[in-house]
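# Fold and geometry: a report
Each chain, letter by letter, is given below.
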Amino acid sequence: NINTIGFLDSDVTDLTSRVSSSIVVQTKTLTTSATNNITSVDYVDVAGMSMSFTAKFSNSLLLFTLQNHVFLDAGAGTWNGVDFRVLKDGSTTIFTGGSGGGGGYGTAQAGGSTSSERLMLYVTQNFEHSPNSTSAHTYKVQVHLTNNETGGTKEVNNPNYGANGRLVIMEIAQ
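Below is a short write-up of the structure. (Residues numbered from 1 in each chain as written. Predicted model: local features only at pLDDT ≥ 70, side-chain atom pairs only at ≥ 80, totals over all residues. Heavy atoms only, no water.)

What follows deals with the overall build of the protein chain. Along its length, the protein chain carries one helix and 12 strands. In the protein chain, which comprises 174 residues, the proportion classed as buried is 45%. Contacts in the protein chain between residues far apart in sequence, at least 24 positions, make up 84% of those at least 6 positions apart. Of the roughly 8200 Å² that the protein chain leaves accessible, carbon and sulfur atoms contribute 45%. (Helix = DSSP H or I, 4+ residues; strand = E, 2+ residues; numbered from the N terminus. Buried < 20%, exposed > 50% of the residue type's maximum accessible area, 1.4 Å probe, protein only. Contact = heavy atoms within 4.5 Å. Areas by Shrake-Rupley, 256 points an atom, 1.4 Å probe, with all protein chains shown as cover.)

This is the structure:
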């Protein structure tokens, strides 16, 4: 589901001369209930978390909010977890939640190898991005296993465990 709140495009020309800084120009929200079973130390797309966004002003600041429900069960006796990033137009990384794979922990737990070692939580991450354009850009969320830990189960946005994943982009005039 994608919801958009904002001004009509026909209003932008007149609006440009009247908008002061720090005003929210538009907001777009995406929700997904698609379950992601994370099994790779390489980044993979979070199902249902990709959307196009067109800034009304080239000098605007975009405020992103990511919310994902994460389930981690027992690993192989070491830190295990997941980490998120956001790509712009499929290849440019504009946000990474941690320091990446092979040493970054992201959202993690120090897990043992028993079934009692489990963690469930909502991960909410905020960051800013300057698009420097009024062209449409596609933003997508990706996830990967951290610390090269491939044991156990890692799931993102399983509706049996929690609410939907959410991506919110808010354009703020500068």
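The next thing to look at is the side chain of Gln125. Following the sequence through the fold, Gln125 ends up in strand E9 (residues 119–129). What Gln125 contacts, discounting residues up to four positions off in sequence, is Phe64, Thr65, Leu66, Phe84, Phe95 and Gly97.

Moving on to the packing of aromatic side chains. Evaluation of the coordinates by the stated rule reveals four aromatic pairs. Where Phe64 meets Phe127, the ring centres are 4.6 Å apart and the plane angle is 10°; that geometry is what we call stacked. Of this pair, Phe64 sits in strand E5 (residues 61–72) while Phe127 sits in strand E9, placing them 63 residues apart in sequence. This pair shows no difference in class: Phe64 is buried, exactly as Phe127 is. Considering the side-chain rings of Phe64 and Tyr139, the 5.1 Å spacing of their centres and the 70° angle between planes classify their relative orientation as edge-to-face. Highlighted residues: Phe64 in strand E5 and Tyr139 in strand E10 (residues 136–145), separated in sequence by 75 residues. Of the two residues examined, Phe64 and Tyr139, each falls in the buried class. The positively charged end of Arg85 is found above the aromatic ring belonging to Tyr43, 4.0 Å away from the centroid. (Phe/Tyr/Trp six-rings, centres within 6.5 Å; stacked < 30°, edge-to-face > 60°. Lys NZ or Arg CZ within 6 Å of the ring centre and 35° of its normal.)

Next up on the list: the nonpolar core. With 25 residues, the main nonpolar core has Phe64, Val82, Phe84, Val86, Tyr139, Val141 and Leu167 as its most contacted residues. Going through the elements one at a time, strand E4 (44–54), E5, strand E6 (79–88), strand E7 (92–96), E9, E10 and strand E12 (165–172) are the ones with two or more residues in this core. Looking at this core element by element, the count peaks at five residues for E5. For Val86, the residues in contact, after removing those within four places along its chain, are Leu66, Thr92, Thr93, Ile94, Phe95, Phe127, Tyr139, Lys140 and Val141. (Core = buried A, V, L, I, M, F, W, Y, C linked by side-chain atoms within 4.5 Å.)

Once that is clear, we can look at the pairing of E10. Both faces of the sheet carry side chains from a regular strand, because those side chains alternate between them. Buried residues dominate E10, accounting for eight of its 10 residues. In the sheet, E4 pairs with E10 via seven bridges, with the strands oriented antiparallel. When the bridges of E10 are listed, Thr54 appears paired with Ala136. Bridge count for E6 against E10 is seven bridges, and the pairing is antiparallel. In the strand pairing of E10, Phe84 is matched with Val143. (Pairing = 2+ DSSP bridges.)

A few words on the pairing of E6. With respect to burial, E6 is a largely interior element, nine of its 10 residues being buried. When E6 meets E7, the two strands line up antiparallel, connected through four bridges. Note that in E7 the partner of Val86 across the bridge is Phe95. In this structure, the hairpin formed by E6 and E7 is closed by a connection of three residues, where Asp89 is found at a positive phi of approximately 55°.

Structural measurements only, silent on function.
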